Amino acid sequence: MPMTTETIEQEAPPNAPPSTQRGSSGSRLEAIAGGEIVRSEIHPELAKEDNILAIENFNLWYAQSQALYDISMTVPKGKVTALVGPSGCGKSTLLRSVNRLNDLIDIVRIEGDMKINSESIYDKKVDVIELRKRMGMVFQKSNPFPMSIYENVVYSLRIDGERNKGVLDEVCERSLRGAAIWDEVKDRLHSSALGLSGGQQQRICIARAIAAEPEVLLMDEPCSALDPIATNKIEDMIDTLKGEYTILIVTHNMQQAARSSDYTAFMYLGRLIEYGPTDTIFQKPRLIETQDYVTGRFG
């Protein structure tokens with residue numbers, strides 16, 4: 001359903017160049033740097049999607065320093081949404097807010113809300129541990145546990161009390177297949193996950209995340225420490241998983257965002273600048289600032 005908190009500009013003519021208008025002279029980015037309020041450019045295609053996550057007027061501070069400013073956006077169910085923007089623009093902070101990892105930082109304060117399937121993530125009654133079970137998380141650096149491949153994958157089931165070997169075996173194989181690593185490790189399931197390559201370890205972490213059947217899979221720069229071959233395997237896996245999972249991914253790699261995502265959100269200095277279908281964002285964005293970023297003119 002459409003976000004009532006967001007303003008959508010009238011659609012530009014088919015051959016119109018990216019807009020620089022913001023109601024006064026100068027670029028949006030200069031206005032933002034100067035502390036002005038600049039509305040986000042949200043493409044109408046998002047209003048037609050079945051959304052699983054809604055972010056509503058979300059603000060976040062680290063002590064007195066504001067990191068996110070009035071973010072309003074929806075995340076379509078079963079699609080891959082990429083968050084892009086220069087370092088320090090708030091992408092990872094926003095991602096970590098979805099499963100409330102920022103709660104672990106004492107100086108964090110928030111305003112606004114996020115909702116998963118229309119249920120508030122930040123309601124005081126929410127069990128944060130149960131919430132995080134609904135949000136699989138894959139970090140920038142692979143972090144397999146110091147245990148076997150098998151026990152890494154079934155960890156979430158173990159802590160929930162599952163002891164049926166048949167169930168554990170089935171989930172392990174299904175998750176490893178989903179992470180596109182079953183054929184590489186099926187004969188060494190009881191060997192330490194720490195003995196795998198970096199790319200393999202990251203896919204084990206993804207298998208561990210999807211074993212719990214999360215509603216949303218959060219990925220924070222999952223390929224930044226990997227070589228091109230391992231990165232290609234992760235991207236192929238993301239393409240396989242979408243549809244079954246909703247994926248929200250932070251990436252600095254423009255090519256990766258263009259290849260792997262259905263929608264792309266461009267952020268700058270804690271603000272959402274433009275958000276729309278990935279093909280449009282990379283080929284014909286509405287804003288010149290977005291065009292300059294995705295084509296490498298700055299950032």
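Residues numbered from 1 in each chain as written. Predicted model: local features only at pLDDT ≥ 70, side-chain atom pairs only at ≥ 80, totals over all residues. Heavy atoms only, no water.

### Looking at the sheet that holds strand 4 (residues 80–84)
Taken together, the seven strands give an open sheet; going across it, the order is 1-11-10-4-9-8-7, and neighbouring strands pair in mixed fashion. At either margin of the open sheet sits one strand with a lone partner, and together these are strand 1 (41–42) and strand 7 (135–138). With two bridges connecting them, strand 1 and strand 11 (residues 271–277) associate as parallel partners. Residue pairing across strands places Glu 41 opposite Glu 274, the latter belonging to strand 11. (Pairing = 2+ DSSP bridges. Helix = DSSP H or I, 4+ residues; strand = E, 2+ residues; numbered from the N terminus.)

### Some points on the pairing of strand 9 (residues 246–250)
Burial analysis of strand 9 places five of its five residues in the buried class, which makes it a mostly covered element. Residues Thr 246, Leu 248 and Val 250 point to one face of strand 9 and Ile 247 and Ile 249 to the other, with burial holding for every one of them. Taken together, the four bridges between strand 4 and strand 9 define a ladder with parallel strand orientation. Paired with Ala 82 across the two strands is Ile 249, which belongs to strand 9. Judged from the five bridges that link them, strand 8 (residues 216–220) and strand 9 form a sheet pairing that is parallel. Paired with Met 219 across the bridge in strand 9 is Ile 249. Handedness of the β-α-β unit built from strand 8, helix 9 (residues 228–241) and strand 9 comes out right-handed. (Buried < 20%, exposed > 50% of the residue type's maximum accessible area, 1.4 Å probe, protein only. Right-handed = clockwise from strand over helix to strand, strands pointing away.)

### A look at the environment of Ser 260
On the secondary structure map, Ser 260 appears in helix 10 (residues 254–260). Not counting residues within four places of it along the chain, the set of residues in contact with Ser 260 comprises Val 80, Glu 235 and Ile 238. (Contact = heavy atoms within 4.5 Å.)

### Comments concerning the pattern of salt bridges
Scanning the model with the defined rule gives 22 salt bridges in all. The residue Arg 100 makes a salt bridge to Asp 103 at a minimum N-O spacing of 2.7 Å. Across the pair Arg 203 and Glu 184 runs a salt bridge, and its minimum N-O distance is 2.8 Å. Note that Arg 203 is positioned in helix 8 (residues 198–211) and Glu 184 in helix 7 (residues 182–185), a separation of 19 residues in sequence. Using a relative accessible area of 30% as the deciding quantity, one classes Glu 184 as partly exposed. One salt-bridge network, held together by shared partners, links Glu 119, Arg 134 and Glu 215. (Salt bridge = Lys/Arg side-chain N within 4 Å of Asp/Glu carboxyl O.)

### Topic: the side chain of Asn 59
Considering the arrangement of structural elements, one finds Asn 59 in strand 2 (residues 51–62). Residue classification places Asn 59 among the buried positions, given a relative accessible area of 12%. Here Gln 66 takes part through its side chain, which lies 3.1 Å from a polar atom of the side chain of Asn 59. Not counting chain neighbours up to four residues away, the residues in contact with Asn 59 comprise Gln 66, Leu 68, Tyr 69, Asp 70, Arg 109, Ile 110 and Glu 111. (Polar contact = N/O pair within 3.5 Å; in protein donor to acceptor, adjacent residues only side chain to side chain.)

### Digging into the environment of Arg 188
Following the sequence through the fold, Arg 188 ends up in the loop between helix 7 and helix 8. With 38 residues separating them in the primary sequence, Arg 188 and Tyr 150 have C-alpha atoms 8.8 Å apart. Residues within four places of Arg 188 in sequence aside, it is in contact with Ile 149, Gly 195 and Leu 196.

### Regarding the environment of Arg 163
Tracing the sequence through the fold places Arg 163 in the loop between helix 5 (155–159) and helix 6 (165–178). Excluding anything up to four places from it in sequence, Arg 163 contacts Arg 158 and Leu 168. Within the structure, the side chain of Arg 163 is placed 3.2 Å from the backbone oxygen of Arg 158, a separation counted as a polar contact.

Interpretation note: all reported values are geometric properties and have no functional meaning in isolation.
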